[in-house]
Amino acid sequence: MPDYSFFDNVYDVARQIPTGRVTSYGAIARYLGAKNSSRIVGYAMQAAGSAKPPVPAHRVINSKGILSAKASFGGDLMQRLLESEGVKVKDDQVQDFKTVFWDPNVELAL
């Protein structure tokens, strides 16, 4: 059974990702002090659809800038959401990844 308090913490971090920026599952896991839990962060993002307030799960991608959760959104929705915020995506990969990457470990104080 998933640890829903961990999921809530993941959602709290994800809600702070600025529009037009992305972060990775691993960056969120490291910020939460669980550096080996990026897969659990991914599970949290899969379950984020019913979270209140909403979670911008489309802004959480893998560490190589690839839209690895694209299938969870259906079709090209994840890409369209990112592009509507000004993030360039080509072949399911965020372009200028280092420029648009938002690191909670740098941006947020614990």
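This text follows the structure it describes.
Calculation rules
Residues numbered from 1 in each chain as written. Predicted model: local features only at pLDDT ≥ 70, side-chain atom pairs only at ≥ 80, totals over all residues. Heavy atoms only, no water. Salt bridge = Lys/Arg side-chain N within 4 Å of Asp/Glu carboxyl O. Buried < 20%, exposed > 50% of the residue type's maximum accessible area, 1.4 Å probe, protein only. Helix = DSSP H or I, 4+ residues; strand = E, 2+ residues; numbered from the N terminus. Arc of directions from axis to C-beta. Contact = heavy atoms within 4.5 Å. Core = buried A, V, L, I, M, F, W, Y, C linked by side-chain atoms within 4.5 Å. Polar contact = N/O pair within 3.5 Å; in protein donor to acceptor, adjacent residues only side chain to side chain.

**Here we look at the pattern of salt bridges**
A full pass over the atoms with the stated rule returns four salt bridges. A salt bridge links R15 to D12; its shortest N-O distance comes to 3.3 Å. Between R80 and D76 there is a salt bridge, with the nearest N and O atoms lying 2.9 Å from each other. For R80, a relative accessible area of 47% corresponds to the partly exposed category.

**Here we look at helix α3 (residues 38-46)**
All of the buried residues along α3 are V41, G42, A44 and M45. End-on, the buried residues of α3 take up no more than an arc of 160 degrees, which puts them together on one face. Across α3 from its buried face, at more than 90 degrees, point the exposed residues R39 and Q46.

**A short note on the environment of G65**
Position of G65 among the secondary structure elements: in the loop between β2 (60-61) and α4 (70-73). For G65, a relative accessible area of 0% gives the class buried. In the structure, G65 is positioned 32 residues away from F97 in sequence and 5.9 Å away in space, judged by C-alpha atoms. Once residues within four sequence positions are removed from consideration, G65 is found in contact with D92, Q93, V94 and F97.

**Some words on helix α5 (residues 77-84)**
Along α5, the positions that sit buried rather than exposed are M78, Q79 and L82. Each buried residue of α5 sits inside an arc of 95 degrees when the element is viewed along its axis, so together they form one side. Tucked into the core, α5 has its buried residues touching β2, α4, β3 (89-90) and β4 (93-94). Where α5 terminates, the next one or two residues include G86, which has phi positive at roughly 95 degrees.

**Observations concerning the nonpolar core**
V10, Y11, M45 and V94 are the most contacted members of the largest nonpolar core, which totals 33 residues. Contributing elements (two or more residues each) for this core: α1 (4-14), α2 (25-31), α3, β2, α5 and α6 (97-100). Here this core gets six residues from one element, more than from any other, and that element is α1.

**A few points about the side chain of N62**
Looking at the element boundaries, N62 is found in the loop between β2 and α4. Here K64 takes part through its backbone nitrogen, which lies 2.8 Å from a polar atom of the side chain of N62. At 3.0 Å, the side chain of N62 and the backbone nitrogen of I66 are in polar contact. Non-local contacts of N62, meaning those with residues more than four positions away in its chain, are made with S24, Y25, S68 and F97.

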